Amino acid sequence: MWKLAKYLKHYKKEVILGPAFKLTEAILELIAPLIMANIIDVGIRNSDSDYILRMGGLMILIAAVGLCCALICQYFAAKASQGFGTNLRNEMFSHIASLSHAEIDTLGTPSLITRITNDVNQLQVAVAMLIRLVIRAPFLVIGATVMAMMIDFQMSLIFVAAAAGIAVVLYLVMSRSVPFYRAIQKLLDRISLVTRENLAGVRVIRAFSKQEKEQERFDEGTDELKKASVRVGKISALLNPFTYLIVNAGIIAIIWFGGGAVNTGALEQGQIVALVQYMTQILLALIVVANLVVIFTKASASAARVNEVLETQASVADGKNAPENADKGADIPKIEFQNVSFSYGGDEMDLENVSVKIMRGQTIGVIGGTGSGKSTFVNLIPRFYDASKGRILVDGEDVREYPFSVLRGQIGMVPQQAVLFSGTVRENMRWRDDSATDDEIWAALRTAQACGFIEKFPQKLDTPVLQGGKNLSGGQRQRLTIARALVGRPEILILDDSASALDFATDAALREALREYGREITVIMVSQRATTLKNADKIIVFDDGQVVGVGTHEELFETNAVYREICLSQLSEGEVRHG
Amino acid sequence: MDKNVIKRLAGFLKPYYGYLVLALASAVISVAMSLWAPVLIGGAVDLIVGPGNVDFPGIVSILIKIGAAIGLSALFQWLMTRCTNHVTYFAVRDLRVRVFEKLKTVHLKYVDSHAHGDLISRVVNDIDQISDGLLQGFAQLFTGVVTIVGTLLFMLSINVNITLVVVLITPLSLGMAAFIAKKSFHLFREQAAVRGELSGYVEEMVGNQKVVKAFGYEKEAQKKFEEINERLQTSGVKSQFASSLTNPCTRFVNAIVYATVGIVGALTAISGGITIGQLSSFLIYANQYTKPFNEISGVVTELQTAFASARRVFEVLDEPSETPDAPGAAVMESSGGRVEIEDVSFSYVPDRKLIEGLNVYAQPGQRIAIVGPTGSGKTTIINLLMRFYDVDKGTIRVDGTDIRLITRNSMRALYGMVLQETWLFAGSIRDNIAYGKPDATEEEIIAAAKAAHAHGFIRRLPDGYDTIIAEDGGISQGQKQLLCIARVMLTRPPMLILDEATSSIDTRTEMMIQSAFSKLMKGRTSFVVAHRLSTIREADCILVMNEGNIVEQGTHKELMMQNGFYANLYNSQFEQVK
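Everything numeric in this text was worked out from a predicted model, so none of it was measured.

How would you explain the overall build of chain A if you had to name every residue and give the values?
Per the secondary structure count, chain A includes 21 helices and twelve strands. In chain A, buried positions account for 57% of the 579 residues. Taking all contacts inside chain A whose residues are at least 6 apart in sequence as the whole, residues at least 24 apart take part in 74%. Working note: accessible area of chain A is about 23,400 Å², and carbon and sulfur atoms make up 56% of it.

This is how it looks when you write it as structure tokens:
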């Protein structure tokens, strides 16, 4: 947890002065009962109303000074904790951007999102509490005890005993209830899982008339949640009554032993009143300590999760130097795989000894079953992952030599998931090239078969896109992601199974339009559909991580068993051969 | 409106009124005892006047009373907490169960048109909020009010003048708390808005990090993020500071009350109007008097959020359910498989007509294919056949009986359904296959899995049929579909509804699915959202859909001869294959 302290470095002043002011307030707060004791023992006894007014005025003055100190501390706490959170979030965001796909896959996106939002918030609260309360609460406990000692050492033993008793009760209750909170969180997760399943599977459940069975599952979950809540409630219900009992037992002891002391003249009546005051202060302070323990337990878990992200090193590092050997000559392959093997981390290779040459301007089809290595193959080109063995060359230069901006700058990528971002259509279209003109955007939209429906929108390019593109249909989104990749005329266009939501007619029109881009663009098209790839210059067939065939549709259909099987699963033999 | 919400919530508390009354009674006793203690303590202090002037027997009798008071207070405080816990957790469980019951019967339109995340959040988070805020808050509110009233009464019983001083200073505390609450409420709302914006941006950019990388968009994203983050910082500092004012400010008011009581009390004591012990009791009261005010203002905000949550939960409960089965609806045990759709009109929204005057007659064992471009509304037919939605006009009959005169459950049981979005629940593979027939024997389950070509891969899994299906791992999309087919195989329904779409499924699995599908369709009336030429060409009737409407209908040959939409679609889709 303390590793994160460096994000507070700009707030040294606040972190040191905040608690100092808080301490001052606490000291002033402790003085009040002492003054009161004097009012009783000196003022009333001597019937000195001047003294009473003076001392009373002093108390109000002290309260006012205390208020100012507290306000300054609260302000410093707000400033430092929010600043800390802001710095940490910026750092995490940029660190996540520097990670490569392999690390993002391991950490998981939903988890990254909660870490950068909820976990940082949790830490922010902890920092604020650190400044506001960590000094104050224990100080009040110790201070009240010390003040008691100053009044009478023997009486202060009662304080030590009471404080120890309360600490034990706190420890017992919390150590027994905290594990339950985790169990309750799990049960809540289960309830939301059943609910999600029932919403997603509403048709199947009703088709099988399984509503009652599902209700039973849900009831079971809620019932267990209820039982667990009651159980933890039973334990924590003891906390307040017990601490209350201990403190008041302390007060009884003060009166009893204090009575004896006053009788022998060792103490005065007003001092008894003051001791009783200190006792109540201890109770309040210890309750705060209990809350702090909860906050810091949560924060240390959050800190661990945040640190895990920050300590993850990117496995793919940016090539620093501009590539010197890049050669855009016609006889140099645009992309070349030389004995490339790759593994996502398991024992088995996900891509094994792949060697392929792709010439400039070619349209390449990539086909194969799920998990055969198609997507892995295209993900290696922009260096989303680095090859475990072998080399990948673009324009004759190893991709690891390129700065990311140069390598990825020449690639237009259309991912499997048709993701758009909130903003306008125009903003989405400018992702590859932020200086693209409207004409260039329209040209790309035309190629991607997206021109038609965008023109029908009254706001055209200014049409707002909701987060994830929710206001567009799957097919529309997919066409826009294709257009986005085309803006700025990339040298390499990678379509990673990106036409699956398009009907065959649109799919065909898109391929026709891409062909018009001519020889300046090298297209790599991953697909499950044989029809989509049929006219490619070359088709690469993957099976189980290996390239099992390279050639045209006709060649492969005659000679390649895997390719033949794929085609036949989708079309009848007659259709493939004769139509 | 809030009154209505309170009334409905009270309805959920009704079964636990006994506990509630006990809780309130305990609260009164506990608070009264805890307020009595300072009076007793003051009495004891009065018996300790000075050296040689301490009334020990008197102290003992008072200490016994104090002991009893705090003992009782602690006991009843414990009892109160147990009772409110009981009421809260039981009522919350009931509420959850009721919401789930509603979701079970709610019109499908509701589930389709609402974000699932939002509905889940209502079942989980909102109800939690009600539990935390409303019911616990209620207890605090109640003890707070009792404490304030009780303190006033006890103070009045000791000394009227000093009490008046306290009462006069109180509005200061209240006003201050209200001012801060109002101020920070606005700031909090602003902060919540910026925070929402930030999480939205994080979700978009981190969630799609791979796209961000592919486009080299990292720098722009960072810039935008830092801009939002900075705004969050500014508004965060403001709102955090404003809300953190409450404690020091009430402490300040507390200190003033304490000092004033001290001054006025001491001056009164000089003139003999009050004893030192009574002054000591007063000081204790002064210390705890403003605390409940503080708590109450906190509770009020909690209550507001809880009410907002309750409203969201009741919204779900207020949704209309599916129309119940007609009185005397028949239970149809089996069917020959004759399905007639006659003169059916239907639309999701009244002003946008979808299907009009549709007639389809499916004889036993026939295959009806539904084709059309993406998003043309092919699932509408499925929705109508399964009565997920009711037709606006016309009738759908099974074996000559209007499906509205058959119980929904028995009618739906006649169909086996395999949708494109495979749905399996988190449980073992065995339980998932046996979903439609929980009493199936092991042999039956294995036979169904074999028929669906699923047995092979299941056997290879380390835990075989006991493998637990997790939300995202383990088995592939295609394998999931095979399990869904096995599930239908097991129930052997007379009619089928299938969605063939099989994007991103590998070849071998695809072939297995196809073979399983045709096995399944043999001898069964089937409605197929078709993507394969073989299925389409062999269909007894093809429904061609476009933009929600059925535009053409007939066999493959008939439709090709019409040379209309279907012929066009067919040619453009499949031509280049030739």
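Please provide a residue-by-residue account of helix α9 (residues 239-263) of chain A, values included.
The terminal C-alpha atoms of α9(A), which comprises 25 residues, lie 36 Å apart, in line with the 36 Å expected from a rise of 1.5 Å per residue. In the segment just after α9(A), A:G265 is the residue with positive phi, at about 85 degrees.

Account for the side chain of A:T424, naming residues and giving values.
Residues and elements named next belong to chain A. For T424, the location among the structural elements is in strand β7 (residues 423-424). A polar contact of 3.1 Å, which involves the side chain of T424, links it to the backbone nitrogen of E427. The contact partners of T424, leaving out residues within four places of it in the chain, are L461, D462, T463, P464 and V465.

An account of the environment of A:Q338 is requested, with residue identities and associated values reported.
Residues and elements named next belong to chain A. Note that Q338 resides in strand β1 (residues 335-342). A relative accessible area of 25% means that Q338 is categorised as partly exposed. In the structure, Q338 is positioned 15 residues away from N353 in sequence and 7.9 Å away in space, judged by C-alpha atoms.

Just give me the short version of the pairing of strand β6 (residues 393-398) of chain B, but keep the residues and values in it.
Residue and element names in this part refer to chain B. Looking at chain direction, strand β3 (residues 339-346) and β6 are connected through five bridges and run antiparallel. Paired with S345 across the strands is K393, a residue of β6. As paired strands, β6 and strand β7 (residues 401-402) are joined by two bridges and run antiparallel to one another. By the bridge assignment for β7, R397 is matched with D402. What sits between the antiparallel neighbours β6 and β7 is a turn of two residues, in which D399 has the positive phi angle 50 degrees.

Tell me about the pattern of salt bridges, and please be specific about residues and values.
Side chains that differ in charge, positive against negative, can pair when their charged atoms come close. For the structure on display, the rule yields 32 salt bridges over all chains. Among the ionic pairs, A:R115 bridges to A:E308, the shortest N-O distance being 3.0 Å. Here A:R115, found in helix α4 (residues 109-134), pairs with A:E308, found in helix α10 (residues 269-311); they are 193 residues apart in sequence, far enough to count as distant. The class for A:R115 is buried, based on a relative accessible area of 6%. By relative accessible area, A:E308 is classed as partly exposed at 41%. As a salt-bridge pair, A:D386 and A:R383 come within 2.8 Å of each other at their nearest N and O atoms. Residue classification places A:R383 among the buried residues on the basis of a relative accessible area of 2%. The network of salt bridges with shared partners includes A:D223, A:K226, B:R93 and B:D94.

About the thresholds
- Residues numbered from 1 in each chain as written.
- Chains lettered and ligands numbered in written order.
- Predicted model: local features only at pLDDT ≥ 70, side-chain atom pairs only at ≥ 80, totals over all residues.
- Heavy atoms only, no water.
- Helix = DSSP H or I, 4+ residues; strand = E, 2+ residues; numbered from the N terminus.
- Buried < 20%, exposed > 50% of the residue type's maximum accessible area, 1.4 Å probe, protein only.
- Contact = heavy atoms within 4.5 Å.
- Areas by Shrake-Rupley, 256 points an atom, 1.4 Å probe, with all protein chains shown as cover.
- Expected span 1.5 Å × (residues − 1).
- Polar contact = N/O pair within 3.5 Å; in protein donor to acceptor, adjacent residues only side chain to side chain.
- Pairing = 2+ DSSP bridges.
- Salt bridge = Lys/Arg side-chain N within 4 Å of Asp/Glu carboxyl O.

What is shown is where atoms sit, not what they do.
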